[in-house]
Amino acid sequence: RNGGSVSAAVLDAIAAAGEISTKDLKKALDSKGVVAGNLGQTLAYLKRQGKISSPSRAVYVISQ
């Protein structure tokens, strides 16, 4: 998969969970067959875009 679909899959997983840890996010992506070897970079990119935020360490939510 390309970077765009990984970002979309990450956003979908976070939105579905409401709040999700990095560990659970990896499990969710694995179950969908999404390979996210660069998950940290994807999360950092989405945070810079303002699409997600991190209320605590390694926990992510969709930005309001």
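Note: the structure precedes this text.
In this numbering scheme, every chain counts its residues from 1 along its sequence in written order. Given that the model is predicted, a residue must reach a pLDDT of at least 70 before its local features are reported, and side-chain atom pairs must reach 80 or more before they are shown or counted; all residues, however, enter totals for whole chains, interfaces and linings. Note that the side-chain values use all heavy atoms of the structure and ignore hydrogens as well as water.

### A short note on the nonpolar core
Most often, soluble globular proteins have nonpolar side chains that are buried together. By nonpolar core we mean a set of buried residues, namely Ala, Val, Leu, Ile, Met, Phe, Trp, Tyr and Cys, connected to one another through side-chain atoms within 4.5 Å. Under the scheme applied here, a residue whose accessible area is under 20% of the maximum for its type counts as buried, over 50% as exposed, and between as partly exposed, the area being computed with a 1.4 Å probe on protein chains only. Counting 14 residues, the largest nonpolar core has V10, I14, L25, L29, L39, L43 and I52 as its most contacted members. Residue assignment for this core shows that the elements contributing at least two residues are α1 (3–17), α2 (22–31) and α3 (39–48). Put simply, DSSP marks the helices as runs of H or I at least four residues long and the strands as runs of E at least two long, and each gets a number from the N terminus on.

### Considering the pairing of strand β3 (residues 59–62)
Strand pairing is defined by DSSP finding a minimum of two bridges between the two strands. Bridging between strand β1 (residues 19–21) and β3 involves three bridges; their strand directions are antiparallel. Note on β3: the bridge partner recorded for E19 is V61. Where strand β2 (residues 52–56) lies against β3, three bridges are found, and the strand directions are antiparallel. Bridging across to β3, S56 finds its partner in V59. Turn length for the β2-β3 hairpin, with the two strands adjacent in sequence and antiparallel, is two residues, and the turn residue A58 shows positive phi of about 65°.

### Description of the sheet that holds β1
Hydrogen bonding along the main chain pairs the strands of a sheet, whether they run parallel or antiparallel. Sheet architecture is open: three strands sit in the order β1-β3-β2, paired in antiparallel fashion. Each edge of the open sheet carries a strand with a single partner, namely β1 and β2. Direction aside, the axes of adjacent strands within the sheet are offset by 35° on average. The contact rule is simple, with two residues in contact once any of their heavy atoms fall within 4.5 Å. Only the stretch in contact is used when a helix axis is fitted, and all axes are lines through C-alpha atoms; the angle between N-to-C directions ranges over 0 to 180 degrees. The strands touched by α2 are β1 and β3; relative to β1, the strand with the most contacts, the crossing angle is about 95°. Running at roughly 105° to β2, α3 makes contact with β2 and β3 of the sheet.

### Looking at the side chain of S7
Take S7: it is sitting in helix α1. Every residue in contact with S7, bar those within four places of it in the chain, is listed here: T42, Y45 and L46.

### Let's talk about unusual backbone geometry
Here A58, not a glycine, exhibits a phi torsion of approximately 65°, which is positive. With respect to the helices and strands, A58 occurs in the loop between β2 and β3. For A58, a relative accessible area of 34% translates into the label partly exposed.

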